[in-house]
Amino acid sequence: MPWFPVKKVRKQMKLLLLLLLLTCAAWLTYVHRSLVRPGRALRQRLGYGRDGEKLTGVTDSRGVRGVSSTQRAEDSSESHEEEQAPEGRVPNMLFPGGARKPPPLNLTHQTPPWREEFKGQVNLHVFEDWCGGAVGHLRRNLHFPLFPHTRTTVTKLAVSPKWKNYGLRIFGFIHPARDGDIQFSVASDDNSEFWLSLDESPAAAQLVAFVGKTGSEWTAPGEFTKFSSQVSKPRRLMASRRYYFELLHKQDDKGSDHVEVGWRAFLPGLKFEIIGPAHISLYTDESSLKMDHVAHVPQSPASHVGGYPLHEESSVDMLHPDPRDTFFLTPRMEPLSLENVLEPCAYAPTYVLKDFPIARYQGLQFVYLSFIYPNDHTRLTHMETDNKCFYRESPLYLERFGFYKYMKMDKEEGEEDEEEVQRRAFLFLNPDDFLDDEEELELLDNLEPTDGSLQQSRRTPTPAASTGTPATPTPPTSSPPDEQTPRHSRALNWASRPLPLFLGRAPPPRTAEKSPSKVYVTRVRPGRRASPRALRDSPWPPFPGVFLRPKPLPRVQLRVPPHPPRTQGYRTGGPKVTELRPPVRVQTTQGGREGHLHGQGLTEPTVDLNSSVETQPVTSFLSLSQVSRPQLPGEGEEGEEDGAPGDEATSEDSEEEEEQAAGRPLGRWREDAIDWQRTFSVGAMDFELLRSDWNDLRCNVSGNLQLPEAEAVDVVAQYMERLNARHGGRFSLLRIVNVEKRRDSARGSRFLLELELQERGGGRQRLSEYVFLRLPGARVGDEDGESPEPPPAASIRPDSRPELCRPLHLAWRQEVMVHFIVPVKNQARWVVQFLADMTALRVQTGDSHFNIILVDFESEDMDVERALRAAQLPRYQYLRRTGNFERSAGLQAGVDAVEDPSSIVFLCDLHIHFPPNILDSIRKHCVEGKLAFAPVVMRLGCGSSPWDPHGYWEVNGFGLFGIYKSDFDRVGGMNTEEFRDQWGGEDWELLDRVLQAGLEVERLRLRHFYHHYHSKRGMWATRSRKGARTQ
């Protein structure tokens, strides 16, 4: 047994422990210094943040550290290098709204071979026509980062293409000039991010500097110190090594686009300099690769395809789960077991246009919509902020008046009359308020003036007034009613109150009865038109009190009214005004400034605002918005000189000083009082009931028509009663998944019933069948005369209520083959995405009864046939055509390649996102010899994705069309002669011939059926003008 010096160890125990502590301290000091040098000081790692708050961030399954709640509350401009989880896009999910499982992170660890000739430039990937100014918007692009629009190179880290709505991804290697601590800074308009790796591996890239996170932040060119997040911490680099970097930039449609990266040695006083070609190199050479070759594209934490933000509840109703989305996975009941449930009946709706001549493109007017139950939430409620076409009111009306006409305000006592006067003052008049000619004449004859002076003031000036001699008042004589009767003013409620006292005495209290509720309307009579001189001499603008504005407008007068002399008793606040009398208008000459008084006992002239002279209709070529309110005599006279054009304007300050000196309040109008306790009454409004089954081509945000619940439940109850009577009560109804109704007011309505049933002693089953609710007395034979209709008494209730029957030749096939026909040309990134979607559709649904037919017009950016062979599709066909791109010819060539006439051909587009139930929807709505299917697709807007859909329904487009091949051949196929070198209108022309052949066209908005936003730049080998660059 070997000897161990236990006694010596015990004696030197203290020295050994001291040596151990010194060794640990030296090691910790070394580790600390090695971390401080690159600028990464030790941070708190004990699980607690500032102020003792415990951090909630944990490491997720992808190995990316989560961000704590305290860090998210900080300003977005602060730099956090440890936040490496980017704002990526949501993975391509087949079932939107379902449970999400983060995919594994696919990072690039192995770099391609590097050569010396790579120096002097870096890789540049361009993603065009994508809105938004944040880098997070770029990550939501469907093709980011593998399939850019353009692949090229750049010779320095400062790029400004002078374009809009694009994103850049610049990546490569940085070669430091010398060893030492280096600081980096990025500047851009709009947002940008600069990522740098610790070595040449993209997987180790870290965010070191950025400009903004929301898209609203930007800097001027060369402004490297605007935000604290722009400048990185010092990093230790070595000249003998190369470091992978990645620069992401997003530009919206505004501003001067630019992005640049500068660096400097970590020494005081040094400025940032742009990283030039001497210190950069390519990641790899892409010049000889095609666009579908993506194995070389690096995937880093900045741009990997798997990252996405945490799932948040979407505000889009259509994204919420619905049983329709996955109901096709439920086993379907055998159609043979349902044949004898209902008695057969002929199906020939009256709206079918068989052999009916229609004009070109007139078929759009003969496509009717179906009603849906329950609500499928296809109405784009989140887009109605800017587009309110769902409602019947015009946009201009809603912009001005809103929806107040649907509300009945609860009025207090004494409030109704005041609001009624105000309502009429703004010309919201009821038809009953206007008088007939006989009633008006009778009423005007019974009205008498209250004072003779008032009657005299309403007379037309006599010729003596033009010579300067004072006119003597004449006794009242008989004259037409429109010349001597007072008119009720349409001004606001203040017009009926006592007027402010300016001159003279107030009129005595009137004891007359309450004025009638009728509105006296000034009628224009033939032959009584006012002369132009009378219109020019009218001192006040037309319609006083109607076009009122709280802010004073420039006074525009056809002729400056004469100014009466000013005396000491001009203001009401003067002590000499002791007696108030009714005011009388003064008649003056045009050349003099002083008027002559003719009223009894009057010392100063004044104006009656309710006189008929003020409300006489005046025709002027000036805009009514430029005409100010009626100005009282004496107002603003200090700054106006009669007869001097251009001197009639006065400053608002002098008017306010004058009003202050006179003791009048500064504000001419009182502030609006807000009644916070106002309540109202409203009835339940169902705007869906106001819609019809007409194909509305004007509104692109309204969803499918809604079927009333009572009608849907009644039809389902009838069918379940007949079903259980046939099968002895074996089935019970679990829920109504979908009911579709096509209405025919003459013969009845067609229904598609989709019910989830529970079989006794078995499992759940899916019932999806067409039924017909025939109206009483409606009888029609089969259109071909082969299947006469049974007697109507066999399917009509004794109480003459409509009853269900089974329509003949209207049954859909579940396993029929569907052929997707897509013409393509130079669309590599979209072809790859389309094939990936079709592969995912087959894997997730297990349905292999579909075929992909790609018609390639000599694509140069990828090998389409090789991509088809690599895709895991159940079957495919590749057709190659030469010449220019022709959509009609390509679709016709694809249909000709289909051999089975009893299969469905779906004329498709390349930029489509398909819902999971697309195959089932096409089969249900295509019936050979009866039905064709034209689903409405939602066209996404710029910067929008299927997981954040913002756009509108393509209500005018019929390019996505499903039909049986036999019916397609019967109508004549595509018009390849007329639409040879162009497209646009070929779908409407095909629709005309389909309707004339006697087929119905089912038109429905499908959930999660999107058309991706894309640019037409570079499509179909179009040439770009290189010289037409925006300066």
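These remarks concern the structure in this document. All values reported here derive from a predicted model rather than from experimental measurement. (Residues numbered from 1 in each chain as written. Predicted model: local features only at pLDDT ≥ 70, side-chain atom pairs only at ≥ 80, totals over all residues. Heavy atoms only, no water.)

The helix and strand inventory of the chain stands at 18 helices and 32 strands. Counting across all 1031 residues of the chain, residues that qualify as buried make up 44%. Of all intrachain contacts in the chain linking residues separated by at least 6 positions in sequence, the fraction that spans at least 24 positions is 78%. If you sum the accessible surface of the chain, you get close to 55,100 Å²; carbon and sulfur atoms cover 53% of it. (Helix = DSSP H or I, 4+ residues; strand = E, 2+ residues; numbered from the N terminus. Buried < 20%, exposed > 50% of the residue type's maximum accessible area, 1.4 Å probe, protein only. Contact = heavy atoms within 4.5 Å. Areas by Shrake-Rupley, 256 points an atom, 1.4 Å probe, with all protein chains shown as cover.)

Given a rise of 1.5 Å per residue, 18 residues ought to cover 26 Å, and the 26 Å separating the end C-alpha atoms of helix 13 (residues 828-845) matches this to within 8%. Among all positions in helix 13, only A828, R829, W830, V831, Q833, F834, L835, D837, M838, T839, L841 and T845 are buried. The inward-facing, buried residues of helix 13 abut strand 22 (818-824), strand 23 (850-856), helix 14 (864-870), strand 26 (912-913) and helix 16 (918-924). Remark: G846 follows helix 13 within two positions and exhibits a positive phi of approximately 75 degrees. (Expected span 1.5 Å × (residues − 1).)

With that out of the way, let us pick up the sheet that holds strand 21 (residues 803-807). Within the open sheet, the seven strands sit side by side as 13-21-20-19-18-14-17. Their pairing is mixed. Bordering the open sheet on either side are strand 13 (344-345) and strand 17 (705-706), each of which pairs with just one other strand. The sheet contact formed by strand 19 (residues 748-759) and strand 20 (residues 764-774) spans 11 bridges and is antiparallel. Bridged to E756 within strand 20 is R766. (Pairing = 2+ DSSP bridges.)

Turning to the state of the cysteines, a few remarks are in order. Chemically, a disulfide is nothing more than a covalent bond linking the sulfur atoms of two cysteines. Counted under the stated rule, the structure contains three disulfides. Two residues, C131 and C942, share a disulfide whose sulfurs are 1.9 Å apart. Residues C131 and C942 are joined by a disulfide whose S-S torsion is about 110 degrees; by sign, that bridge is right-handed. Of this pair, C131 sits in the loop between strand 1 (122-128) and helix 4 (135-139) while C942 is found in the loop between strand 28 (936-940) and strand 29 (951-953), placing the two residues 811 residues apart along the sequence. On the basis of relative accessibility, which here comes to 25%, the residue C942 falls in the partly exposed class. (Disulfide = S-S within 2.5 Å.)

The peptide bond linking F144 to P145 adopts the cis configuration, its omega dihedral lying at 0 degrees. Along the chain, P145 falls in the loop between helix 4 and strand 2 (150-154). Although it is not a glycine, E858 adopts a positive phi angle of roughly 55 degrees. A positive phi angle is found at H1008, which is not glycine, with a value near 60 degrees. For H1008, the position within the fold is in strand 32 (residues 1005-1011). On the basis of relative accessibility, which here comes to 1%, the residue H1008 falls in the buried class.

Once that is clear, we can look at a positive patch on the surface. Residues K7, K8, R10 and K11 make up a contiguous surface patch of positive charge. Relative to the helices and strands, K8 is located in helix 1 (residues 6-11). (Patch = residues over 30% accessible without salt bridge, like charges linked within 9 Å, V, L, I, M, F, W, Y side chains within 5 Å. Salt bridge = Lys/Arg side-chain N within 4 Å of Asp/Glu carboxyl O. Lys, Arg positive; Asp, Glu negative; His and termini not counted. Charge placed at Lys NZ, Arg CZ, Asp CG, Glu CD.)

In space, the four strands of this open sheet follow the order 26-32-28-29, with mixed pairing throughout. The open sheet has two edge strands, strand 26 and strand 29, and neither has a second partner. Bridge count for strand 28 against strand 29 is three bridges, and the pairing is antiparallel. The residue bridging L940 from the neighbouring strand is G951, located in strand 29.

In this section: the nonpolar core. F820, F834, L835, L854, F914 and I922 are the most contacted members of the largest nonpolar core, which totals 42 residues. If you list the elements that add at least two residues to this core, you get strand 22, helix 13, strand 23, helix 14, strand 25 (904-907), helix 16 and strand 32. Looking at this core element by element, the count peaks at seven residues for helix 13. Ignoring anything within four residues of it in the chain, the contact list for I922 reads V818, F820, I904, F906 and F933. Judged by nonpolar contacts, the second largest core, of 29 residues, contains F885, L907, A932 and I963. (Core = buried A, V, L, I, M, F, W, Y, C linked by side-chain atoms within 4.5 Å.)

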